[in-house]
Amino acid sequence: MSSGILGKITNIDRRILYWILFVVLAVPFISPIGLPVFVTPTSQAMYNSLNSLKKGDVVVLGINFGVSAWSECLPGSIACVKMVVRKEAKLIVFGMGTTDVAITWNEIMSKIPAFGAGTYKEGDDYAFFGFLPIQETTINLMATNFRQVFTKDTKGHLTDDIPMMKNFNGAKDCKLVLSSDTGDVGDYFIRYWQVPFKVAVGWIGIAMNASTGMTYIRSGNLVGLLSGVRGGAEMEKLIGEPGSATTNMDSISTSHLLVVIAVIIANVAYLATRRKA
Amino acid sequence: MIPIDVAAYPTEITGIIGIWVGLAIMLMIYSYPMYKETIAFRLAEHTFVATVMAITIVVNIDSLLRTSLVHLFTGEQLYLIIPIILGFAMYALIFPDYRWISRYPIAILVGSSLGLGMAASMVPSIVSQVISTATAPTTGAAIDWFNFAFIAIGTLCAVSYFLLTYEHKGIVKGPTQLGRYFIMIGLGAYFGNTVLFRFAMLSGRALFFLQVLKIVPM
Amino acid sequence: MSQIYRKQLVFVLTAIVAIIMVMSYFFTYEGITPITNQIQTWALIIQLIAIGIGAISLIRVHYRTIQRRVPGRWFLSAWLLIFFPLLTLIGLVNLATGTMNPFYDWVFTNVYVQGGQTMYAITGFYIFSAAYRAFRARTWDAALLLIAGCIVMLTNAPIGEVIWSGFPVIGTWLLNYGQVPAMRTFLITAALGLIAFGFRALLGKEMGFYGGGME
């Protein structure tokens, strides 16, 4: 290869790269490949924790991701809530850090028939408290005095008047926390709920949380970890209900392969150019 | 909120216009990386910033009403007028001569987060990690012992790379250099996960593009 | 005298609040719980009210753009300064009346949601171009980073298993054990740094977050 071609390869206009990437991402949706997804130990552990829930156990779901992270966190959250509903556990839902809690919770409910059919009822089986913009201090406060933070649910019912909240006022009354977030909130639940009160915490995070959360898995602070869309696809496989994450995995496959090939080509060209020089 | 079933292509005119406006915004924003900075990109950017700011303010006021002002208006906790005054004292930041007034509410914010952070991060971030690093496996499997040794040696070397702030020479040169390699492995894995994160979001956009154009079903 | 209430009292207040929060974490004294609950409630209220500062900054920046008639931008700033208060007003009317305005809901679903997803996803392009144009195996360190990154990418993508059955095995080991030393190091050193920074703030040595004029 001449250095002219090598030079062109390494200095290709980035706009061409972006167009190639967009096409590679889009094509698998038109023509799906259907590659199987293997289940990682951390996702299996999350499934096992949900599978061990008993009827009436209280699960806290923290929706701390915005609509911009729906592709990453939403499929895993939907799959986990399906398990909670399946096990007939109770669900307390709230969110912090983003304003999109209500629309995200609506989206989760729209994907689970039990909510629409009325078999999983608000007040008796689940309670939705909406959004608060603050994170660390509020999560700490909630651990010991939930009512101090959420006096009412989003429909204006006093927390004291909600049937399923009668025996719940903090971490001691909770069986499992599912923190679905894009960064720090899982840390806060570990610090203020898991460490002092030994509540089991599962993290439904973005893919980067597979790195940061792994240290907590190894130290026993987390019971399970779903990492991004991949974790969502694994959870969908485990519960036997493929969804949007499984659909996305083909697109992930082609785009990742593109990146690996691009890195190899660029480095081969670079090394060849360096050797010539 | 009017429920819009995003699982099906909308049939009412507002819904159809809505998804096409969403697509237009997406194309206007992506015109910047995929073509060049245009007035379309700037228009989409300004519209989005205005929308985010408006919604954030409305939601914050709603949260304030629900969580604290309700106690104030019912007369239960009248002393909550103090943090409300302190909250407005933050606006003194805008006036250079009176900026010092805003330091008091900031002091409460900083004090509470720092105090909590300092105390609460010790156990999960330091104690648990050190115990986990030093705890040998209970099984006799060779792979478990290999993993234990890998993590223990790697953590020690990597921590020494960060904490030993003097020049790495002599006896510390080897461990810190080794620590650097462990850090590179970790950062490489982090990069791989970052790519998954970014591409998952971008694939969502590609799917939306195809769905609005009815190339794939919504 | 003015220095005392502009500086020293501020540090004292920070230190008192921080020490109360630290004590509440380590000691289970009943009398301290109501105090810490109130401190945290007050912090919550202050942060909720303070969001207006962002709005004021936004208005100031764009007003200046209009005043200076910056070419290609001033009319967009004018559009922002019309649309933002209008939408805020509609939202506040929603709150007051308890009903949802269809226009507000439409803007939320089609501008905010779609715009947010699009803005966040734009970084995918940049990471691809960075991987292609900037990531070079110039040293052994960089080569190690790239190899680990490629293996993890081919583990996360189902196609990796199709190419070679070893990728998921090595990649899963990398994710579960290989990266742990580095991530554990970041966690430990960041926590130590936070504690050190906290002590400096308690002693009044850190002044950055109080705004200017503290030196």
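What you are looking at is a predicted structure, and each value in this text was computed from that prediction instead of being measured. (Residues numbered from 1 in each chain as written. Chains lettered and ligands numbered in written order. Predicted model: local features only at pLDDT ≥ 70, side-chain atom pairs only at ≥ 80, totals over all residues.)

Colleague: I'd like to hear about the overall build of chain A, residue by residue, with values.
Modeller: From N to C terminus, chain A includes twelve helices and six strands. By the burial criterion, 58% of the 277 residues in chain A qualify as buried. For chain A, the proportion of contacts with a sequence separation of at least 24, taken over those separated by at least 6, is 75%. (Helix = DSSP H or I, 4+ residues; strand = E, 2+ residues; numbered from the N terminus. Buried ≥ 20, exposed ≤ 12 C-beta atoms within 10 Å, placed from the backbone. Contact = placed C-beta atoms within 7 Å.)

Colleague: Please give an account of the overall build of chain B that cites residues and values.
Modeller: Looking only at helices and strands, chain B has six helices and zero strands in total. Reading chain B from its N terminus to its C terminus gives the helix and strand order α-α-α-α-α-α. Computed over the C-alpha atoms, the radius of gyration of chain B is 27 Å, more than 25% above the 17 Å expected from 2.2 N^0.38 for a compact globule of 218 residues. Along the longest, intermediate and shortest principal axes, the C-alpha atoms of chain B span 70 × 60 × 40 Å. (Rg over C-alpha atoms; globule rule 2.2 N^0.38 Å.)

Colleague: Outline the domain arrangement of chain B, listing residues and values.
Modeller: Segmentation of chain B into domains returns domain 1 (11–76), domain 2 (78–132) and domain 3 (136–193). For domain 1 of chain B versus domain 2 of chain B, the separation of C-alpha centres amounts to 28 Å. (Domains from an automatic or database assignment.)

Colleague: For the packing of helix α3 (residues 41–51) of chain A against helix α11 (residues 228–239) of chain A, give the residues involved together with the corresponding values.
Modeller: Residues and elements named next belong to chain A. Across the interface, α3 lies against α11 with an axial gap of 10 Å and an inter-helix angle of 50°. Accordingly, the angle class assigned to the pair α3 and α11 is oblique. Of the two possible hands of crossing, α3 and α11 adopt the one that is right-handed. Here S43, M46 and Y47 of α3 lie close against α11, whose contacting residues are G231, E234, M235 and L238. (Axes fitted to C-alpha atoms, helices over the stretch in contact; angles between N-to-C directions. Parallel < 35°, antiparallel > 145°, perpendicular 65-115°, else oblique. Left-handed = near helix turned anticlockwise from the far one by under 90°.)

Colleague: Give a description of the pairing of strand β6 (residues 224–227) of chain A that names residues and reports values.
Modeller: Residues and elements named next belong to chain A. A two-sided burial pattern is seen for β6, the buried positions comprising G224 and L226 on one face and L225 and S227 on the other. Both strand β5 (residues 200–205) and β6 contribute to a ladder of four bridges, which runs parallel. Across the sheet, G205 pairs through a bridge with S227, a residue of β6. In this fold, β5 hands off to helix α10 (residues 209–218), which returns the chain to β6; that crossover is right-handed. (Pairing = 2+ DSSP bridges. Right-handed = clockwise from strand over helix to strand, strands pointing away.)

Colleague: Can you break down the interface of chain C and chain A residue by residue, with the values?
Modeller: How big an interface is tends to be reported as the loss of accessible area on association of its parts. Between chain C and chain A, the residue contacts involve 40 residues of the former and 44 residues of the latter. Broken down by secondary-structure element, the contributors of at least two residues to the side of chain C that touches chain A are α2 (32–50), α5 (102–121), α6 (123–133), α7 (140–156), α8 (159–163), α9 (166–178) and α10 (180–202) of chain C. Counting residues per element, the side of chain C that touches chain A draws most heavily on α2(C), at eight residues. Tallied by class, residues from the side of chain C that touches chain A come to 25 nonpolar, twelve polar and three charged. (Nonpolar A, V, L, I, M, F, W, Y, C, P; charged D, E, K, R; others polar.)

Colleague: Tell me what's going on with the interface of chain C and chain B, and back it up with residues and numbers.
Modeller: Chain C puts 100 residues into the contact, and the matching count from chain B is 103 residues. In the side of chain C that touches chain B, the residues fall into 68 nonpolar, 27 polar and five charged.

Colleague: Explain unusual backbone geometry residue by residue, including any values.
Modeller: Even without glycine at this site, A:E88 takes up a positive phi of about 60°. Its location among the elements puts A:E88 in the loop between α4 (70–86) and β2 (90–96). Although it is not a glycine, B:K214 sits at a positive phi angle of roughly 60°. Among the secondary structure elements, B:K214 is positioned in the segment after α6 (173–212).

Colleague: Kindly report on the sheet that holds strand β4 (residues 176–181) of chain A, identifying the contributing residues and their values.
Modeller: All names here are of chain A. Across the sheet, six strands lie side by side as β3-β2-β1-β4-β5-β6; this open sheet has parallel pairing. The sheet is open, and its two borders are formed by β3 (126–132) and β6, each paired with just one other strand. Sheet twist, expressed as the average angle between the axes of neighbouring strands with direction ignored, equals 15°. Bridge analysis of strand β1 (residues 58–64) against β4 gives six bridges, and the strand direction is parallel. If you follow V59 over to β4, its bridge partner there is L176. Each of β4, β5 and β6 touches α3; the most contacted strand, β6, lies at about 125° to it.

Colleague: Now, about the nonpolar core: what can you tell me, with residues and values included?
Modeller: If you look at the biggest cluster of nonpolar residues, it comprises 209 residues, and the most contacted ones within it are A:V59, A:V93, A:V263 and C:I46. Ranked by the residues each element gives to this core, the list is headed by α6(B), at 18 residues. Beyond its immediate chain neighbours, meaning those up to four positions away, A:V93 contacts A:L61, A:I63, A:W105, A:Y126, A:F128 and A:F129. (Core = buried A, V, L, I, M, F, W, Y, C linked by C-beta atoms within 7 Å.)

Colleague: Any details on the pairing of β2(A)? Residues and values, ideally.
Modeller: Residues and elements named next belong to chain A. Burial analysis of β2 places seven of its seven residues in the buried class, the great majority of the element. Neither face of β2 is left uncovered, since the one carrying K90, I92, F94 and M96 and the one carrying L91, V93 and G95 both have all their residues buried. Pairing of β1 with β2, which is carried by five bridges, proceeds in the parallel orientation. Pairing of V58 across the sheet is with K90, part of β2. Viewed along the sheet, the connection from β1 through α4 into β2 turns out right-handed.

Colleague: Describe in detail α5(C), supporting the description with residues and values.
Modeller: Residues and elements named next belong to chain C. Taking 1.5 Å per residue, 20 residues should reach 28 Å; α5 reaches 27 Å between its end C-alpha atoms and fits that length. Maximum bend of α5: about 30°, positioned at F108. With 15 of 20 residues buried, α5 is to be regarded as a mostly interior element. (Expected span 1.5 Å × (residues − 1). Bend = angle between axes of the 7 residues up to and from the residue.)

Colleague: Account for the environment of A:P75, naming residues and giving values.
Modeller: Residues and elements named next belong to chain A. Within the fold, P75 resides in helix α4. Owing to 30 C-beta atoms within 10 Å, P75 belongs among the buried residues under this scheme. With 161 residues separating them in the primary sequence, P75 and E236 have C-alpha atoms 7.9 Å apart. Discounting chain neighbours no more than four positions away, the residues touching P75 are V229, G232, E236, G243, S244 and A245.

Colleague: Can you lay out helix α2 (residues 39–73) of chain B for me, pointing to particular residues and giving the numbers?
Modeller: All names here are of chain B. Between the first and last C-alpha of α2 there are 48 Å, a value that for 35 residues agrees with the 51 Å anticipated at 1.5 Å per step. Remark: the principal bend of α2, roughly 45°, maps to R66. Directly after α2, the chain includes G75, whose backbone phi takes a positive value near 80°.

Colleague: Before we move on, can you summarise the packing of helix α4 (residues 74–97) of chain C against α5(C) with the specific residues and values?
Modeller: Residue and element names in this part refer to chain C. As a packed pair, α4 and α5 sit with axes 9 Å apart at the nearest point and diverge in direction by 120°. Comparing the axis directions of α4 and α5 gives the class oblique. Where α4 crosses over α5, the two elements pack in a sense that is left-handed. Together, L87, I90, G91 and N94 of α4 and F103, Y104 and V107 of α5 make up the contact between the two elements.

Colleague: Give me the environment of A:A69: which residues, what numbers.
Modeller: Within the secondary structure, A:A69 is located in the loop between β1 and α4. A count of 28 C-beta atoms within 10 Å places A:A69 in the buried class. In this structure the C-alpha to C-alpha distance between A:A69 and A:V229, which are 160 residues apart in sequence, comes to 9.9 Å. If we skip the residues at most four places from it in the chain, A:A69 touches A:T182, A:I206 and C:Y120.

Colleague: Describe the confidence of the model for chain B, listing the residues and the values that go with them.
Modeller: All names here are of chain B. Across chain B, the average pLDDT comes to 90, with 97% of residues at or above 70. Of the regions scoring below 50 in pLDDT, residues 1–6 engages in eleven contacts with residues more than four places distant in sequence or in other chains. Under the prediction, the complex receives an ipTM of 0.89, its pTM being 0.89. (pLDDT = per-residue confidence, 0-100.)

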